[in-house]
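Structural overview
What follows is each chain in one-letter form.
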Amino acid sequence: MIEITKLNHTYPDGKLALDSVDLCIEKGEFIVIAGNNGSGKSTLVRHMNALLLPGSGSVKVNGLLTSEKSDLPQIRRTVGLVFQDPDSQFVGMTVEEDLAFGLENTGVPPEKMRRLVDKALSSMGLSGHKKSSPRSLSGGQRQKVAIAGVIVMGPEYMVFDEVTSMLDLPSRQALLEIIKDINKKGTAVIYVTHRLDEAVDADRLIIMDSGRIVIDGKPAEVFMRPDLVRGYGLELPPLIELSRRLSDAGIISRIALSGDELVEELCLSM
Ligand SMILES: Nc1ncnc2c1ncn2[C@@H]1O[C@H](COP(=O)(O)OP(=O)(O)O)[C@@H](O)[C@H]1O
Ligand SMILES: [Mg+2]
């Protein structure tokens, strides 16, 4: 479990970026964190593997405090982070070397290392790019290399911080499907976005505003909240907007999260 209690974070310039945040994330969950630019999403997730440390309050990963220096290696193995800009994460000359780098530092024997690297590459459909330079690949493929670099470490929790925001629509959808699969295989996923349409399949949707968690619930419940759009600068996906209007007008009885669900609801109402 990741257990965040009364977490505050103030940047050196005095900006209060997190204001008394409480949040628990269980093993295996698929959580989407959404919110406007500057609402504190990146600051929050960087606390989950101790890239940032609490100003006050605490962050515990499987019982280990991120403020405890000696527990850092274990925490970093447990929680992996993938960022918006994959290029900032590459360390190797080839895709293969890049993935091996993190493992070398943990003292994995070479034979096992090769097996783990091959498995991670094949899970991301990158086996044919082993000898390529990460920088020679397309944006979507570079992002996959960055994800494989985290998968290879075998984390229990993976954080994706706006990883699809620089990609075109097809690459974005493909990557989101891959991330959902990672979750189905048992890894908890914390997916940060400012696009609510990416949250429909999540177990929980968390909305942040001005350094606070302002809503935390199942997507269908969160989409019903009247304060959601006007209050926090987020745009409802068109299907959800339509579904909400039909529900407000008493035509359907619950928020439909997909086209199929909407058709079902409409058929029921006729
Ligand atoms: N390194 C930094 N130094 C000072 N202020 C920062 C820094 N990083 C982020 N901030 C500020 O903290 C707030 C939260 O930022 P951030 O966590 O990046 O939000 P989000 O990821 O939701 O866009 C913003 O007001 C931002 O300007
Ligand atoms: Mg951010």
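From a predicted model like this one, the values you see are computed outputs, not experimental measurements.

Rules used throughout
Residues numbered from 1 in each chain as written. Chains lettered and ligands numbered in written order. Predicted model: local features only at pLDDT ≥ 70, side-chain atom pairs only at ≥ 80, totals over all residues. Helix = DSSP H or I, 4+ residues; strand = E, 2+ residues; numbered from the N terminus. Buried ≥ 20, exposed ≤ 12 C-beta atoms within 10 Å, placed from the backbone. Contact = placed C-beta atoms within 7 Å. Pairing = 2+ DSSP bridges. Axes fitted to C-alpha atoms, helices over the stretch in contact; angles between N-to-C directions. Core = buried A, V, L, I, M, F, W, Y, C linked by C-beta atoms within 7 Å. Near = placed C-beta within 6 Å. Nonpolar A, V, L, I, M, F, W, Y, C, P; charged D, E, K, R; others polar.

1. What about the overall build of the chain?
When helices and strands are tallied, the chain shows 10 helices and 10 strands. If one aligns the C-alpha atoms of the chain with their principal axes, the spans along those axes are about 65 × 45 × 30 Å. The buried share of the chain, reckoned over its 270 residues, is 37%. Across the chain, the fraction of contacts at a sequence separation of at least 24, relative to all contacts at a separation of at least 6, is 61%.

2. Examining the sheet that holds strand β7 (residues 157–161)
Strand order in this open sheet of six strands is β6-β7-β8-β3-β9-β10, and the pairing throughout is mixed. Taken across any chain shown, the strands that pair with only one partner, and hence form the sheet edges, are β6 (79–82) and β10 (212–217). For this sheet, the mean angle separating the axes of adjacent strands, direction not counted, is 20°. When β7 meets strand β8 (residues 188–193), the two strands line up parallel, connected through five bridges. Residue pairing in the sheet places Phe160 in a bridge with Tyr191 of β8. Relative to the sheet, helix α6 (residues 169–184) contacts β3 (30–35), β7 and β8, its axis offset from that of β8 by approximately 155°.

3. Quick look at the nonpolar core
Core analysis: the largest hydrophobic core is formed by 68 residues, its most contacted members being Ala148, Val159 and Ile190. Top contributing element to this core by residue count: helix α5 (residues 139–151), with six residues. Apart from the residues within four sequence positions on either side, Ile190 is in contact with Ile25, Ile31, Ile33, Val45, Met48, Tyr157 and Val159.

4. Some remarks on the site of ligand 1
Every residue near ligand 1 is listed here: Tyr11, Asp13, Lys15, Ala17, Gly35, Asn37, Gly38, Ser39, Gly40, Lys41, Ser42 and Thr43. Among the elements that line the shell around ligand 1, the one with the most residues is helix α1 (residues 41–48), at three residues. Looking at the shell around ligand 1 residue by residue, the class counts come to two nonpolar, seven polar and three charged.

5. Topic: unusual backbone geometry
You will see that Lys6, though not glycine, has its phi angle at about 45°, which is positive. Positionally, Lys6 belongs in strand β1 (residues 2–10). The exposure class assigned to Lys6 is partly exposed, which follows from the 13 C-beta atoms found within 10 Å. Look at Ser20: it is not a glycine, yet its phi comes out positive at around 55°. Mapping Ser20 onto the fold places it in strand β2 (residues 16–25).

That is the geometry; function is a separate question.
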